[in-house]
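Breakdown of the fold
Residues per chain, in single letters:
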Amino acid sequence: MTEETLPKQAATTTRFVDARGRGTRIEFCGDDEFHACWYPVALSSEVGSGTLIGAPFLDGRVIVYRTSDGLAHVRSAYCRHLGADLSMGRLLNDQVQCPFHFWRYDSAGSCIDVPAGDPPPPHAKLFSYPTAESLGIIWAFNGDTPLHPAPHFGQGDEALLIDTYRNPRQMQVESSIVFLNSFDLQHFRVVHGMPIDVDLERVSEHEHTLAYKARVSAPEFGDVIQDRRLWGVNTVTIASETAGRRLYQLHSLCPVGRNATQGFLVSATPMPADATDDGATRLLAQSRDYALRLVNEDAPIFDTLSFRRDNLTASDRFLAFGIQYIRRYPRAHPGRELIR
Ligand code: FES
Ligand SMILES: [Fe+2]
């Protein structure tokens, strides 16, 4: 990547800041809605062929399973008969069998068999989330139709060496407040010892993603220019060049309750041509240590935060923009009746 100089941000607050609602505690989502995003619900490695698992999602629960064609599915977890948790059931010939009275659901999520001999009720259908799989993650879109593609690094997974894992520590806070961390330039400097400059005039917005360059100084990687992309209001991807290699990083957040967040993290680098070259593996290990350092430094603060936009200063221009961006982001909850 060519080094380029990013202008310093202006020293005065301007259009990003407004004074409305000062001091009021902020919750971005109301009681019955969540943002319309691609959310990470499971690791691909947790859902092998013929595997059926349950996972917390939004304010409810889903099943995640893989049919014999290799496709992953994310559906409401509760049986349309009496509400048994289908993750306690079995996957038989690509059909989900409920543990309670053995009703079966086909690959479209419709009940097609009631062993007692009654005709399956026509409305006995599970809610199916649009599902995607990339970077070792199974994603579910909270909405009927995705607003943008699932997060990616701009090339096929097969060309990359990928390290995907779950943050071992959930955080007790709304996920979009954790996401706002990417806009919070003051905290990068003092909490993470990692000054970041962003050219706020060159942040571009397209189809519910934001893209910008950041000049970052991190103890682990030195001074780098990062291409950052924010997807929806829950995922950040970062591309940079370090030690002569391309490094991709992702941090994505999933609501697992009204005020609980599960993070998923990815590091990736182009697959080395030479099998004896272990530099790529070492880079991914370094990236994992770095990412876990950041999330562990943030976690105790988020667990105890009573979030409000009280007195913002000039350095908070990007943060103020982020708050407004999240506030106007679309919301949905089409599975609300069936996942809880
Ligand atoms: S609760 Fe599932 S079949 Fe009865
Ligand atoms: Fe942080």
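Going by the structure above, here's the rest.
Here we summarise the structure given alongside this text.

A word on the coordination of the iron ion (ligand 2). Donor atoms from the polypeptide that coordinate the iron ion (ligand 2) comprise Asn181 (OD1), His187 (NE2), His192 (NE2), Asp298 (OD) and Asp298 (OD), at 2.1 to 2.7 Å from the metal. Positions of the donor residues of the iron ion (ligand 2), expressed as sequence spacing, correspond to N-x5-H-x4-H-x105-D. In this pair, Asn181 is assigned in the loop between α1 (175–179) and α2 (185–190) and Asp298 in helix α3 (residues 279–303), connecting sequence segments 117 residues apart. No difference in accessibility class separates Asn181 from Asp298, as the two residues are buried.

This next bit is on the side chain of Ser44. Locating Ser44 in the fold gives a position in the loop between β2 (38–43) and β3 (52–57). The exposure class of Ser44 is buried, given its relative accessible area of 18%.

Counting 64 residues, the largest nonpolar core has Phe57, Val64, Tyr129, Phe183, Val198 and Phe318 as the members making the most contacts within it. If we skip the residues at most four places from it in the chain, Tyr129 touches Phe57, Leu58, Val62, Val74, Ala140, Phe141, Asn142, Gly335 and Ile339. If you look at the next biggest cluster of nonpolar residues, it comprises 17 residues, including Ile137, Ala150, Leu160 and Phe264.

This brings us to the sheet that holds β2. Here 3 strands make up an open sheet; going across it, the order is β2-β12-β11 and the pairing antiparallel. Whereas interior strands pair on both sides, the edge strands pair on one side only; in this sheet they are β2 and β11 (131–134). Adjacent strand axes in the sheet meet at a mean angle of 30°, parallel and antiparallel pairs treated alike. Inspection of the sheet shows β2 paired to strand β12 (residues 137–141) by 5 bridges, in the antiparallel sense. Bridge pairing in β12 links Tyr39 to Ala140.

Rules and cut-offs
- Residues numbered from 1 in each chain as written.
- Chains lettered and ligands numbered in written order.
- Predicted model: local features only at pLDDT ≥ 70, side-chain atom pairs only at ≥ 80, totals over all residues.
- Heavy atoms only, no water.
- Donors = N, O, S within 2.8 Å, 3.2 Å for Na, K, Ca; no water.
- Helix = DSSP H or I, 4+ residues; strand = E, 2+ residues; numbered from the N terminus.
- Buried < 20%, exposed > 50% of the residue type's maximum accessible area, 1.4 Å probe, protein only.
- Core = buried A, V, L, I, M, F, W, Y, C linked by side-chain atoms within 4.5 Å.
- Contact = heavy atoms within 4.5 Å.
- Pairing = 2+ DSSP bridges.
- Axes fitted to C-alpha atoms, helices over the stretch in contact; angles between N-to-C directions.

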